[in-house]
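Tertiary structure, described
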Amino acid sequence: MEIRGVLADVGLFAGLSADALDALAAVAVPMGLPGGARLIEQGGVSAGVWVLLSGRLKVVRAGESGPLGFVNPGESVGELSMISGAPHMAHVSAVRDSLLLHVPKEALRQVLRDSPESMWRMMQLLVTRTTRQEGLAAPRTLAVIALTPGLDALDFARRLVAPLQALGLKVALLSDGDARAGPDALAAVEAAHDVTLYAAGGEAETWRARALRQADRVLLLAGRARPLHPELRALLAASAAAPFDLALLEGEDAAGWRALLPLSVTLPVAAGDGAALGRLARLLVNRAVGIVLSGGGARGLAHLGVVKALRAAGVVIDRFAGVSMGSIVAAGYAAGWSQEEAEARFHASFVVANPVSDYTLPLLALTGGRKVSALLRAAFGERRIEALPHPYFCVSTNLSNASERLHREGLLWQAVRASLAIPGLLPPVAMAGEVLVDGAVLNNFPVLHARGEGRGPVIGVDVGSQLALECRAEELDGSGFRWLGRRGEAPGIASVLARSGTLTSRETRANAARACDLLLTPPVGGLPILDWRQFGRALEIGYAHASERIAAAPAEVLGRLGL
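Residues numbered from 1 in each chain as written. Predicted model: local features only at pLDDT ≥ 70, side-chain atom pairs only at ≥ 80, totals over all residues. Heavy atoms only, no water.

In the annotation of an unreviewed UniProt entry, the protein is listed under the name Patatin-like phospholipase family protein and assigned to Sandaracinobacteroides saxicola. Listed in UniProt under the heading Sequence similarities (unreviewed entry), the comment for the protein reads: "Belongs to the NTE family." (UniProt positions renumbered as here; feature names shortened; annotations may be inferred.)

This paragraph deals with the environment of Leu 399. If you trace the backbone, Leu 399 turns up in the loop between strand 17 (392–398) and strand 18 (403–407). Here the alpha-carbon distance between Leu 399 and Val 437, two residues 38 residues apart in the chain, equals 7.1 Å. Excluding residues within four positions of it along the chain, Leu 399 makes contact with Val 435 and Val 437. (Helix = DSSP H or I, 4+ residues; strand = E, 2+ residues; numbered from the N terminus. Contact = heavy atoms within 4.5 Å.)

Secondary-structure assignment places Ile 328 in helix 13 (residues 325–334). Each C-alpha atom of the pair Ile 328 and Arg 417 lies 8.5 Å from the other, and the pair is 89 residues apart in sequence. Not counting chain neighbours up to four residues away, the residues in contact with Ile 328 comprise Phe 346, Phe 350, Leu 375, Leu 376, Phe 380, Val 416 and Leu 420.

Here the focus is the sheet that holds strand 3 (residues 48–54). In spatial order, the strands read 1-8-3-6; together these 4 strands make up an open sheet with antiparallel pairing. Only two strands of the sheet have a single partner each, and these edge strands are strand 1 (29–33) and strand 6 (76–77). Looking at chain direction, strand 3 and strand 6 are connected through 2 bridges and run antiparallel. Along strand 6, the bridge assignment pairs Trp 50 with Val 77. (Pairing = 2+ DSSP bridges.)

As a further point, take the nonpolar core. Core analysis: the largest hydrophobic core is formed by 59 residues, its most contacted members being Ile 291, Leu 304, Ile 328, Phe 346, Phe 380, Tyr 392 and Ile 459. The biggest single contributor to this core is helix 13, with 7 residues. Setting aside residues no more than four positions away along its own chain, Leu 304 makes contact with Val 329, Tyr 333, Gln 339, Ala 342, Phe 346, Phe 535 and Leu 539. (Core = buried A, V, L, I, M, F, W, Y, C linked by side-chain atoms within 4.5 Å. Buried < 20%, exposed > 50% of the residue type's maximum accessible area, 1.4 Å probe, protein only.)

Here the focus is the sheet that holds strand 11 (residues 195–200). If you walk across this open sheet you meet the 6 strands as 10-11-9-12-13-14, and the pairing is parallel. The strands lining the two open edges of the sheet, one partner per strand, are strand 10 (171–174) and strand 14 (263–268). Within the sheet, the average angular offset between the axes of one strand and its neighbour, ignoring direction, is 20°. Note: strand 9 (residues 141–146) against strand 12 (residues 217–222), 5 bridges, orientation parallel. Directly across from Ala 146, in strand 12, lies its bridge partner Leu 221. Contacting strand 9, strand 10, strand 11 and strand 12, helix 8 (residues 205–214) crosses the sheet at an angle of about 150° to strand 11. Against the sheet, helix 11 (residues 274–284) makes contact with strand 9, strand 12, strand 13 (244–248) and strand 14, and its axis sits at roughly 165° relative to strand 14, the strand it touches most. (Axes fitted to C-alpha atoms, helices over the stretch in contact; angles between N-to-C directions.)

Next comes the structure, spelled out in structure tokens:
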């Protein structure tokens, strides 16, 4: 390895003089870091800069659920703390076995003192890196591991090659026949390809262990859940630095596997299902388009028009998420409903049979909630979120601990019922001893949760931020018959409750909007918030708005959406 040439190719050192590069190359030290080992401690003092030669590093801040980002070969880490003198702002650890170059702090500082121009260029690079908005870098190596005896990991990996290549990626496939290849040979293969698949079945245990050590992400292949062999369980536990996804090739027992393993994504992939295989490929390399649908009562019917327009334009939506009214629309699409089926079901359920009309003695809420629960049970039955053909989540508000609750697993109908339980209008949902209500109470636009998954671009559809209630009366008096005489001038109690349950702070909404690759805000402000008879109008508004925004979107945005 020619260290000087490696350093010259790193963006951080671009512009350094030949003498400066020689000085750094003389003191740079190669080092190995096993998968899962920590390189930098949050709060620790700088020891210099590291350049990643092979492998992958993960950057995580304590207290945050997902990674801040990843470091890939040819990139550096540790420079901000080294230059500023401040403690490290995050932990950095190896996702898999990695090789690095360590440039000691004092040597680099001496070079920068001798070359003010190099210091200036380095500061420009750091400012650019910290201010640009990017998704998480896609994994470069994928281990494909069969959990269930009889499943052929190599055959499945071969089937994955075509949909990955369809994304414009250069793909390499390695199997136990490549077990004799040394670390340098594997690193060369990885460097020459965008994605390297390491396929390992249940026979070659040594190769399987090596494949796991090489993986940025692990794809597990499984049939029905069953106890894991102790050796395989120990092997997977030792490889826990890389995230696990599960392709369910037989049955629908995703819940059983989730009880055994820490899984990020579970996706059914039946034999011959090309659409599911393509979706899995996009999820694995962070190219899966997601959509997040806000709450907004009857205005949420505009979501149907938005999805119709996106699909008509050629956007393939792989992931669905929502809150309140958006949660049920997203659930239908995630369950695999076609556009025609979705429109027919929502028209029958909301226009023909108003689900929030079973008014009762208001001990818990104005309505009994039975019609809504029956509607959801009829629509989704006993389907579970983790076994849906599309990844899905919805959000509810936990009144027991004043926090958001993300529903990524469990019965679909029950999660949606919690997400749209508008306080005072629908009864709360009791789940695991906790009281859950409409997720829009705390967050009516949960885009940041979808962005944090790091699986691809995010489209956000906000129908809850526009003027929702108008009042033409000079004063509001809710006493009996005086209010009945002013029904056209003042909002009713159901509308007031519905609007109260979909409020989100301007700051929260602004942060969510900035996290969208494409933000859509259909102009539904003129539609009454609980008038389901506006079904056709809402759908038309959503379709027209989305069509216009797609036509006007920059080429860069369209590219991220696969257009």
